[in-house]
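# Fold and contact review
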Amino acid sequence: MLPLLIVAFLFFTEEQPEPAVEADVVLKGATLYDGSANPGKVGDIAIKGDRIVAVGKFTTKGKPRVLDCTGLIVSPGFIDLHTHSDYPLQAPKTNANFNYQTQGVTTVVTGNCGSGPVDVAAYFAKLEKIGVGTNVIHQVPHNDVRSKIMGNSNREPTAKELKMMEDLVDQGMKDGAYGLATGLIYNPGTYAKTDEIIALAKVAARHKGMYASHIRDENSGVLTAIEEIIEIARRAGIRIHISHIKVSGRNVWGKAPDVIAMIRRARKDGIEVTADQYPYTASSTSLSATVIPAKYREGSAKDLIKRLDDVEIGPKMKKAIEQRIEAHVGGKSIKIARYTKSIGWQGKDLFTIAQTEKKTTLDIVLDITRNGGAQIVHFGMSDEDVRLFMKETYVATASDGSSMLPANTVPHPRSYGTFARKIGRFAIEDQVISIEQAIRSASGLPADILKLPERGYLKAGYYADIVVFDPKTLRDKATYDRPHQYSTGVKYLFVNGRLAIEEYKATEVLPGRVLRHESK
Ligand SMILES: [Zn+2]
């Protein structure tokens, strides 16, 4: 009797047709990568309003718009955990975030390296007023919190100051930030001891937020810096995220396996550790953070120059800068990205500039410092270390770039190329990782890291943040010499069910939303 029932049931379910789906748009015949590590499968997607309503095989009713996606890949829209778009997203034109849309990105995270707006509610209100091309998630930025309470001072906070900083973090979390972010090589965060960060991380943890960090050292002290963030996780009871993971500087090339071993051990011990990475061997930051030791960077820009001219401190400071330049291959591994005082220096390395100007590289660095500083691109990583980190399943893709428009600067190409490069070059061409892993590292994984609800996967009921791309043409075009070039290959991009890119072109609508973290 029972087996018969089962057979009857199977027969019944086989024969029972799924009810037809009501949809506005149907993507037909694509290879679907759903954001998990599953291999791609041919199928369809139905979108109704701002949601995905069906995935796989189904029938539709009514007259949905049908987009033939044969030969194309459909995946969840990419989530960039690490951008510095806080201010460009508040400005006209760059708010469209087109250099990210063309990479398939539908959500960006700001507040990174501890820098960005502290008043989260005001920031979100501004974004909602001007409109944005992608969704935006924010983190409470430690450097700006600290500077608001203590300025740029090299000391520990008093009990009262610490309480004021905790209150700012608490308010930011209440207003919808996803966590706390630090940048421990930058001012003034670099002056914070571990205990201060633990105290602030505890506040974020209370709201079920995360802690993301540009760790204290990515060079010879990288393992100690990772020990520190793991200690923060333990003592604050918070999940941790290592921003733009790397070993930077020739003296530490080959150290990636040691870093990986340490993280794997912590994960085995039950600590939630994740990381993100941009697929390049060069990094980018300010010249001062790269060559001027933190102890000389206290106070204002004027204070710094006063120290340079001081008969006691000046020579020591110059010697320290000189040593750092030496460690950067005599300035050959540092290229100027943005320096408005001398546009001709942009795109050239410090060594070459010194030769043409008939000065020492130290003189060039001092000139730039006296003139307010510069942004640089630093060629400090080995290709092998980059590939080793990429293969780790907890490492998400993130750009560390920002929304921008073509200009006369020579910035790092990552703002235009990161996601297309990771999938197009590293997965499809070089096969360093599988396509499913490359897509997961840009979608499901960052959603899991954030604990972001209803995004990051192709699932019925989830928001329709979807990218449709041609695997043959999805490539980064931005190079170190010519960085202001959009990536190619994204045919359609849906953000909250609305088309931001259609037939490879921007639609100029602003379908992004502010995504607020819900603490309780
Ligand atoms: Zn950083």
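Residues numbered from 1 in each chain as written. Predicted model: local features only at pLDDT ≥ 70, side-chain atom pairs only at ≥ 80, totals over all residues. Heavy atoms only, no water.

### Side note on the sheet that holds strand β8 (residues 78–80)
The 3 strands lie next to each other as β8-β9-β10, forming an open sheet whose pairing is parallel. Every interior strand has two partners, whereas the edge strands, β8 and β10 (135–138), have only one. The average angle at which neighbouring strand axes cross in this sheet is 20°, direction not considered. Relative to strand β9 (residues 105–110), β8 runs parallel, the two sharing 3 bridges. When the bridges of β9 are listed, I79 appears paired with T107. Docked against the sheet, helix α3 (residues 120–130) engages β9 and β10, running at close to 170° with respect to β10. (Pairing = 2+ DSSP bridges. Helix = DSSP H or I, 4+ residues; strand = E, 2+ residues; numbered from the N terminus. Axes fitted to C-alpha atoms, helices over the stretch in contact; angles between N-to-C directions. Contact = heavy atoms within 4.5 Å.)

### Considering the coordination of the zinc ion
Taken together, the protein ligands of the zinc ion are C113 (SG), H214 (ND1) and H244 (NE2), with distances of 2.1 to 2.3 Å. Each donor residue of the zinc ion belongs to the same chain, with the gaps between them written as C-x100-H-x29-H. On the criterion of sequence distance, the pair formed by C113 in the loop between β9 and α3 and H244 in the loop between β14 (239–242) and α8 (256–268) is long-range, its members being 131 residues apart. The residues C113 and H244 share a single accessibility class, namely buried. (Donors = N, O, S within 2.8 Å, 3.2 Å for Na, K, Ca; no water. Buried < 20%, exposed > 50% of the residue type's maximum accessible area, 1.4 Å probe, protein only.)

### What about the pairing of β10?
Across the two faces of β10 the burial is the same, with N135 and I137 and V136 and H138 all buried. Two strands pair when backbone bridges link them, and β9 and β10 are joined in this way by 4 bridges, in the parallel orientation. By the bridge assignment for β10, V109 is matched with I137. The parallel pair β9 and β10 is bridged by α3, and the resulting crossover is right-handed. (Right-handed = clockwise from strand over helix to strand, strands pointing away.)

### Overview of the environment of A125
Along the polypeptide, A125 turns up in helix α3. Judged by its relative accessible area of 42%, A125 falls in the partly exposed class. Between the C-alpha atoms of A125 and V514, which are 389 residues apart in sequence, the distance is 8.9 Å.

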